[in-house]
Amino acid sequence: MSEIRPGASWSGAADAFVRIEDVVKIYGDVVAVKSVSLSVGRQEIFALLGSSGCGKSTLLRMLAGFEEVTSGRLFLDNEDITTLPPYKRPVNMMFQSYALFPHMTVEDNVAFGLKQEGVPRNEIHSRVYEALDLVQMGAYARRKPSQLSGGQQQRVALARSLVKRPKLLLLDEPMSALDKQIRQKTQIELVKILDKVGVTCIMVTHDQEEAMTMAHRMAVMSEGQIVQCGAPQEVYDFPSSRFVANFVGSTNLFTGHIAVDEADHVQIESEQLNRPLYVNHGVSEPLGMEVHVSIRPERIRVHREQPAGDFNWAHGMVSHMAWMGSYARYLIRLDSGMQVEAAVSRLVMSQNDSPAVGEEVYIDWSGDSATVLTS
Amino acid sequence: MAKPDFRLRALALGLGYLFLYGPILVLMVLSFNDSAMMTTWTGFSLRWYHELFSDRALLEAARLSIIIAAATATAAVAVGTWVGYVLARMGRFRGFGLFVGLASAPLVIPEVVLGISLLLMFVELSDLFGWEGSNGAFTIWVGHVILSMAYVTVIIQSRVRDLDRSLEEAALDLGAPPIKVFFQIVLPLIAPALLAAWLLAFTLSLDDVVIASFLTGPGHTTLPLEVFSRVRLGLKPEINALATIFMLLVALFVVIAHHVQNRKGPPK
Amino acid sequence: MKPRLPSPPASWRRMLVIAPPFVWLILFLLVPFLLVLKISFADLQFGVPPYTALAEFSDQALSVVLNLRGYALLFTDSLYVSTYLHSVKMAAVTTLFCILIGYPMAYYIARSEPATRNLLLIGVILPFWTSLLLRVYAWIGILRNDGLLNNLLMGLGLIDQPLEIYRTDLAVYIGLIYAYLPFFILPLYANLVKLDTRLLEAAYDLGAKPWQAFRSVTLPLSMPGVIAGAMLVFIPSVGEFVIPEMLGGADTLMIGRVMWTEFFNNSDWPMAAAVTCVMVMLLLVPLILFQYGQTRHLGMRGGRRNG
């Protein structure tokens with residue numbers, strides 16, 4: 001991830017620049033946020049990932065000051081901002097719809113926040129143009145928002161929220177209004193700007209790719225709670241639950257019980273597989289306990305011949321195959337009846353004579369491919 | 001998708017508009033009739049217009065009415081916008097039903113009810129505070145404001161509800177306290193509605209007979225009161241002239257407003 | 001998307017915004033009406049004000065006198081009773097015709113192309129902006145015995161004797177319908193124009209004929225608009241004064257005129273107040289219906305939200 005962020009200024013330590021302590025939000029009899037606690041480090045880009053209704057937007061709005069916190073506290077740079085109204089917080093938000101003031105020019109839009117602070121006129125002018133240059137919209141200063149494209153409006157919105165040099169920047173589904181085509185490019189551009197400015201940022205998204213591209217760390221939310229928090233790749237490789245494993249990327253889930261429990265490896269027997277699963281690290285769960293095992297599709301190899309060894313393989317038949325551009329997606333029905341998804345890269349497909357639909361195949365995976373889950 | 005039947009549509013709309021505009025056109029045509037009789041056309045003449053403009057009493061009443069109407073419209077927009085904003089943005093609060101009831105009452109309540117209520121209020125007030133002033137332009141103005149406020153509220157409330165809330169939130173987020181948000185963001189964006197509301201309140205005040213009757217005092221007569229007292233007794237041709245001028249002005253105004261609005265882009 | 005309810009800012013700030021207009025409304029609408037209620041129990045007296053006070057404190061005794069003269073008369077005198085009934089009848093008939101004429105108009109305007117639609121709408125609103133007084137006055141000239149209509153019909157040889165319309169109930173009906181038609185069309189139009197045409201398309205797709213689709217989709221969905229419009233016509237019509245006064249005969253009994261007479265001609269304020277209170281009571285059910293519709297309409301989660 002750090003390759004796309006040259007000169008990334010985040011130190012890597014979550015030193016609690018933003019602290020969310022046991023925050024709860026209740027609307028009537030609906031609990032939207034159920035006691036969330038979180039720390040975000042200075043200059044970190046943090047993503048709240050979850051599907052609709054999970055509470056991420058509510059949490060963001062509480063940070064911005066648009067929703068009252070039912071209980072709990074919010075700290076920013078060691079200042080308790082829980083009861084501060086939005087216009088008194090050193091927090092700025094970029095709205096999903098950008099919310100550019102239609103009756104003002106781009107320049108006036110960006111200058112608005114500075115005017116409220118009482119910044120002197122010439123300073124406003126230089127800061128406004130500094131911000132516009134940062135997002136490369138300097139030439140459009142005199143235009144009205146209705147004359148701009150979606151991408152251009154987004155940049156102006158970003159400039160407007162950065163010009164006040166907030167301690168915390170909030171992004172509400174930043175890419176949702178853009179076409180899929182330009183999303184990736186914009187994500188990278190946005191991160192470059194954020195790193196350059198060095199602002200701490202919390203963003204909300206339902207797009208897991210977006211979170212993984214843009215954030216240093218992310219938290220997966222479901223039903224008002226955080227279910228896992230960590231660096232994106234970490235969350236991907238080591239999901240803490242079936243929910244996270246399925247939500248962040250896709251996976252194959254097997255159920256079984258621990259047959260062999262050693263310090264450096266475990267074996268799990270599952271009805272869904274002909275052979276036991278061998279995982280090359282120890283787990284804290286006791287012998288005999290029922291567990292779930294997650295194996296990502298890209299870790300599963302597809303062969304025509306039976307693999308060697310007694311573990312980590314199974315026999316089945318290709319029920320479906322689809323070309324996804326850069327890889328092929330196999331759906332293989334195993335002898336046990338379970339359907340497994342395998343993703344085979346284009347490269348591998350071109351190097352071998354790959355099986356087709358209807359053929360009998362064997363799947364296998366390495367000892368470090370599986371993650372053991374207990375929930 | 002099936003389009004509505006062309007003939008049915010032409011019939012319904014044609015008859016409807018004929019009904020609405022027939023009498024107006026009749027008046028306009030007759031205002032140029034030399035004869036005082038409605039039914040015989042004796043020639044094209046502007047005499048009724050001359051009579052109209054030399055009628056001091058009528059002109060004086062018109063002057064007073066216009067002043068009251070302008071004052072009414074301004075005050076009604078100020079208060080009505082506040083009420084409309086509360087209805088649109090403050091969600092449900094304690095006593096919401098009562099608030100809505102009072103805010104929309106003048107829309108439906110028969111005007112005589114409103115008239116007597118307000119008059120009694122002024123009477124009791126003068127009793128209580130020993131205020132010796134008699135009723136007149138001031139009391140009429142108050143009455144008209146109460147009446148037209150409800151219409152302003154309807155227009156403004158509807159417009160504010162359609163306003164994207166995130167614009168106000170963005171302004172708050174950028175450091176503007178709620179008052180500034182209202183004046184710098186909301187008001188400019190609902191300006192056309194404010195104008196429409198002002199004009200509607202102006203019209204209502206200018207046309208009111210009942211409330212003015214209850215709340216007027218000696219020496220103060222408004223244009224509609226003057227017209228009403230004359231036409232109660234029968235037809236008066238100079239009134240035709242008055243009506244024509246009135247309607248042409250309004251028509252001209254609406255046409256201009258329509259053009260201006262269309263130039264600005266798709267109407268909201 | 002889970003419905004998001006607006007969370008209010010700090011309570012006292014809200015109070016600051018809601019309270020002043022609320023107080024204003026109570027002071028200028030509720031209190032005056034309560035005064036009317038109070039006066040309706042007073043007795044006539046000469047002087048200023050021309051009614052007695054209800055409560056008197058003398059000799060350490062507080063006596064409150066509720067004079068029921070007015071109400072007794074209203075409920076027993078057949079003239080008053082029939083006037084009330086007649087007013088309600090006239091308002092009801094007016095409302096009916098406004099619906100019959102106004103519904104098709106509103107419907108066709110709403111279903112027109114946007115460009116034509118605006119023009120047609122202005123066509124409906126324009127009379128609304130011109131003086132009602134003058135427009136009703138126009139009808140006098142048309143409906144009189146020697147007026148335009150009669151002359152036209154006699155000129156065409158369709159009748160021998162002039163039709164007596166002016167100064168009868170019929171003229172008042174015409175005037176009321178004429179005056180209140182835009183009041184019905186506008187709220188109904190607002191409702192119809194928001195109707196999702198895709199619902200109709202779905203109905204046609206499922207095999208419904210135009211009339212069936214209208215009956216089962218458009219009509220039920222337009223009901224709130226119809227009711228709002230109907231109440232905006234019915235309720236004020238009951239107490240209407242200007243139109244019956246200008247177009248009606250001596251025997252056109254309407255409660256608005258009665259109240260006016262009591263107040264202005266007889267200077268009997270308590271009686272006028274009593275007439276008013278009974279009028280409002282009569283209208284209580286339609287009023288509540290209207291206010292309920294308004295409250296629901298206005299209390300709905302407002303404003304557009306993103307995401």
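This structure is a prediction, so every number in the text was calculated from the model and none was measured. (Residues numbered from 1 in each chain as written. Chains lettered and ligands numbered in written order. Predicted model: local features only at pLDDT ≥ 70, side-chain atom pairs only at ≥ 80, totals over all residues.)

Participant: I'd like a description of the overall build of chain B, backed by residues and values.
Facilitator: Tallying secondary structure elements over chain B gives 12 helices and 0 strands in all. Along chain B, from the amino end to the carboxyl end, the secondary structure elements read α-α-α-α-α-α-α-α-α-α-α-α. Taken along the three principal axes of its C-alpha coordinates, chain B extends 70 × 70 × 30 Å. Classification of the 268 residues of chain B by burial places 48% in the buried group. (Helix = DSSP H or I, 4+ residues; strand = E, 2+ residues; numbered from the N terminus. Buried ≥ 20, exposed ≤ 12 C-beta atoms within 10 Å, placed from the backbone.)

Participant: With reference to specific residues and values, describe the overall build of chain C.
Facilitator: The helix and strand tally for chain C stands at 13 helices and 2 strands. For 307 residues, the compact-globule formula gives about 19 Å, and the C-alpha radius of gyration of chain C, at 25 Å, lies well above that figure. With respect to the principal axes defined by its C-alpha atoms, chain C has extents near 80 × 75 × 30 Å. Looking at the 307 residues of chain C, the share that counts as buried comes to 43%. (Rg over C-alpha atoms; globule rule 2.2 N^0.38 Å.)

Participant: Requested: an account of the interface of chain C and chain B, with residues and values cited.
Facilitator: Every contact between the two is made by 86 residues of chain C and, on the other side, 75 residues of chain B. It is helix α1 (residues 11–39) of chain C that contributes the most residues to the side of chain C that touches chain B, 17 residues altogether. Its residues assigned to classes, the side of chain C that touches chain B shows 60 nonpolar, 18 polar and 8 charged. (Contact = placed C-beta atoms within 7 Å. Nonpolar A, V, L, I, M, F, W, Y, C, P; charged D, E, K, R; others polar.)

Participant: Kindly report on the sheet that holds strand β10 (residues 225–230) of chain A, identifying the contributing residues and their values.
Facilitator: All names here are of chain A. The strand order across the open sheet built from 6 strands is β6-β7-β8-β3-β9-β10, with neighbouring strands paired in mixed fashion. At either margin of the open sheet sits one strand with a lone partner, and together these are β6 (91–94) and β10. This sheet shows a mean twist of 20° between the axes of neighbouring strands, independent of strand direction. In this structure, strand β3 (residues 45–49) lies alongside strand β8 (residues 200–205), joined through 5 bridges in parallel fashion. (Pairing = 2+ DSSP bridges. Axes fitted to C-alpha atoms, helices over the stretch in contact; angles between N-to-C directions.)

Participant: Got a sec to walk through the pairing of β6(A)? Specific residues and values, please.
Facilitator: All names here are of chain A. Neither face of β6 is exposed, since Val91 and Met93 on one face and Asn92 and Met94 on the opposite face are all buried. As paired strands, β6 and strand β7 (residues 168–172) are joined by 4 bridges and run parallel to one another. Counted as the bridge partner of Val91 is Leu168 from β7.

Participant: With reference to specific residues and values, describe the packing of α1(C) against helix α12 (residues 269–282) of chain C.
Facilitator: Residues and elements named next belong to chain C. Orientation of α1 relative to α12, taken along the N-to-C sense of each, is 115°, at an axis distance of 7 Å. The hand of the α1/α12 crossing is left-handed. For the pair formed by α1 and α12, the contact residues are Val36, Leu37 and Ile39 on the first element and Trp269, Pro270, Ala273, Thr276 and Cys277 on the second. Class assignment of the residues belonging to the contact of α1 with α12 gives a composition of 7 nonpolar, 1 polar and no charged. (Left-handed = near helix turned anticlockwise from the far one by under 90°.)

Participant: How would you explain the pairing of strand β18 (residues 339–345) of chain A if you had to name every residue and give the values?
Facilitator: Across a regular strand the side chains alternate sides, sitting on one face of the sheet and then on the other. In β18(A), alternate side chains face the same way, and those of A:Val340, A:Ala342 and A:Val344 are buried while those of A:Gln339, A:Glu341, A:Ala343 and A:Ser345 on the opposite face are not. In sequence, strand β17 (residues 327–334) of chain A turns back onto β18(A) through a hairpin of 4 residues, with A:Gly337 there showing a positive phi of about 100°.

Participant: Which residues make up helix α4 (residues 150–162) of chain A, and what are the values?
Facilitator: All names here are of chain A. The terminal C-alpha atoms of α4 lie 18 Å apart, and with 13 residues this matches the ideal 18 Å at 1.5 Å per residue to within 8%. Here α4 lies mainly inside the structure; 10 of its 13 residues are buried. Taken residue by residue, α4 has Gln153, Gln154, Arg155, Val156, Ala157, Leu158, Ala159, Arg160, Ser161 and Leu162 as its buried positions. On the buried face of α4, the contacting elements are β6, α2 (106–117), α3 (121–134), β7 and α5 (180–197). (Expected span 1.5 Å × (residues − 1).)

Participant: A description of the environment of A:Ser369 should follow, citing residues and the corresponding values.
Facilitator: All names here are of chain A. If you trace the backbone, Ser369 turns up in the loop between β19 (360–364) and β20 (370–373). When the 20 C-beta atoms within 10 Å are taken as the criterion, Ser369 is described as buried. Linking Ser369 and Arg299, residues 70 residues apart in sequence, is a C-alpha distance of 6.2 Å.

Participant: Help me get a handle on the interface of chain A and chain B, residues and values and all.
Facilitator: In this assembly, 16 residues from chain A lie in contact with 14 residues from chain B. Among the secondary structure elements, those contributing two or more residues to the side of chain A that touches chain B are β6 and α2 of chain A. Among the elements that make up the side of chain A that touches chain B, the one with the highest residue count is α2(A) (4 residues).

Participant: So, unusual backbone geometry: which residues are in play, and what are the values?
Facilitator: Residues and elements named next belong to chain A. One non-glycine residue, Asp22, lies in the positive phi region at around 50°. Tracing the backbone shows Asp22 in strand β1 (residues 18–27). Positive phi, normally seen in glycine, also occurs at Gln43, with a value near 65°. Topologically, Gln43 is positioned in the loop between β2 (30–40) and β3. Classification of Gln43 by C-beta neighbours within 10 Å gives partly exposed; the count is 19.

Participant: Could you give an account of the packing of helix α11 (residues 255–265) of chain C against α12(C), with specific residues and numbers?
Facilitator: All names here are of chain C. In contact at an axis separation of 7 Å, α11 and α12 are set at 160° when each is read in the N-to-C sense. Classified by the interaxial angle, the pair formed by α11 and α12 is roughly antiparallel. Between α11 and α12 the crossing geometry is left-handed. Contact residues: Ile255, Val258, Met259, Glu262 and Phe263 in α11; Trp269, Met271, Ala272, Val275, Thr276 and Met279 in α12. (Parallel < 35°, antiparallel > 145°, perpendicular 65-115°, else oblique.)

Participant: Explain the confidence of the model for chain C to me, and be specific about the residues and the numbers.
Facilitator: Residues shown with low pLDDT carry predicted positions that ought not to be read at fine detail. Residues and elements named next belong to chain C. Looking at chain C, pLDDT values average 85 and 93% of them are 70 or higher. Segment residues 1–8: pLDDT under 50, and 11 contacts once partners within four positions in sequence are set aside and those in other chains are kept. Low confidence marks residues 302–307, where pLDDT is under 50. Its contacts with residues over four positions away, or in another chain, come to 17 contacts. (pLDDT = per-residue confidence, 0-100.)

Participant: Explain the environment of A:Val91 to me, using residue names and the numbers behind them.
Facilitator: Residues and elements named next belong to chain A. With respect to the secondary-structure elements, Val91 resides in strand β6. Classification of Val91 by C-beta neighbours within 10 Å gives buried; the count is 24. Distance in space between the C-alpha atoms of Val91 and Pro166 is 5.3 Å, their sequence separation being 75 residues. For Val91, the residues in contact, after removing those within four places along its chain, are Leu63, Ala64, Leu76, Pro166, Lys167, Leu168 and Leu170.

Participant: Describe in detail the environment of C:Phe183, supporting the description with residues and values.
Facilitator: Residues and elements named next belong to chain C. Note that Phe183 resides in helix α7 (residues 169–193). The buried category is assigned to Phe183, around which 22 C-beta atoms lie within 10 Å. Taking the C-alpha atoms as reference, Phe183 lies 9.5 Å from Ala228; in sequence the two are 45 residues apart. Residues within four places of Phe183 in sequence aside, it is in contact with Gly229, Leu232 and Val233.

Participant: An account of the sheet that holds strand β5 (residues 79–80) of chain A is needed here, citing residue identities and associated values.
Facilitator: All names here are of chain A. The strand order across the open sheet built from 4 strands is β2-β1-β4-β5, with neighbouring strands paired in antiparallel fashion. Of all strands in the sheet, those bounded by a partner on one side alone are β2 and β5. Across the face of the sheet, helix α1 (residues 56–64) comes into contact with β1, β2 and β4 (71–76) while running at roughly 65° to β2.

Participant: Which residues make up the confidence of the model for chain B, and what values go with them?
Facilitator: Of the residues in chain B, 92% reach a pLDDT of 70 or more, and the chain-wide mean stands at 86. Mean pLDDT across the elements of chain B ranges from a minimum in helix α12 (residues 237–263) of chain B, with 80, to a maximum in helix α7 (residues 165–173) of chain B, with 96.

Participant: How would you explain helix α3 (residues 56–89) of chain B if you had to name every residue and give the values?
Facilitator: End to end, α3(B) covers 49 Å across 34 residues, agreeing with the expected 50 Å (1.5 Å per residue, within 8%). Just beyond α3(B), the residue with positive phi is B:Gly91, at close to 65°.

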